[in-house]
Amino acid sequence: MTTSTTAAWTLRPARPEDVETIAELRATVMRPDLERLGRYDEHRVRQRLRDNYAPEHTSVVVADGELAGCVTLRPVEGGLWLENFYLSTALQGSGIGTAVLRSLLARADEEGATVRLDVLQGSAARALYERHGFTEERQDPVDVFMVRTPAS
């Protein structure tokens, strides 16, 4: 799927060998928020991705021929769980994240699926999710848990 943003982009299925590139992307993208929360750990930030990597439910964002992001949309009881949505800092604000999220939510709506996610407290990503119909379900000192019911 392509849209008109600063860069052409597509989604491709993730492969097992993408794990280290995605783990590094996660560490880079999440570092500012994790440091702000006093939770950044060089090893743990990468290992959490490795431990939970599910290429069968993950898509890689390719922009200008390069791996520029990823997103996992995995089935859970009662719907889908959106996680590991990372976009290269160079492309944040370009509209690609919005376009990717829109395409995933359109698919969820076609399936009639409720989508849930969690976002770090104070993360700018929360505004993106709210613009797309996610509302707060609950929160804890670290995360805000959000939900979006299918559009009718």
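Residues numbered from 1 in each chain as written. Predicted model: local features only at pLDDT ≥ 70, side-chain atom pairs only at ≥ 80, totals over all residues. Heavy atoms only, no water.

1. Overview of the side chain of His132
- The topology assignment puts His132 in the loop between helix H4 (125-131) and strand S6 (135-139).
- His132 sits in the buried class, given a relative accessible area of 14%.
- A polar atom in the side chain of His132 sits 2.9 Å from the backbone oxygen of Leu128.
- Not counting chain neighbours up to four residues away, the residues in contact with His132 comprise Thr98, Leu101, Arg102, Leu105 and Arg148. (Helix = DSSP H or I, 4+ residues; strand = E, 2+ residues; numbered from the N terminus. Buried < 20%, exposed > 50% of the residue type's maximum accessible area, 1.4 Å probe, protein only. Polar contact = N/O pair within 3.5 Å; in protein donor to acceptor, adjacent residues only side chain to side chain. Contact = heavy atoms within 4.5 Å.)

2. Considerations on the environment of Thr10
- Within the secondary structure, Thr10 sits in strand S1 (residues 9-13).
- Classification of Thr10 by relative accessible area gives partly exposed; the value is 33%.
- Along the primary structure Thr10 and Leu67 are separated by 57 residues, whereas in three dimensions their C-alpha atoms are 9.8 Å apart.

3. Focus: helix H2 (residues 42-52)
- The set of residues buried in H2 consists of Val45, Arg46 and Leu49. Each buried residue of H2 sits inside an arc of 90° when the element is viewed along its axis, so together they form one side. Opposite its buried face, H2 presents the exposed residues His43 and Asp51, each directed more than 90 degrees away.
- Of the surrounding secondary structure, the elements contacted by the buried residues of H2 are helix H1 (19-36) and strand S4 (79-87). (Arc of directions from axis to C-beta.)

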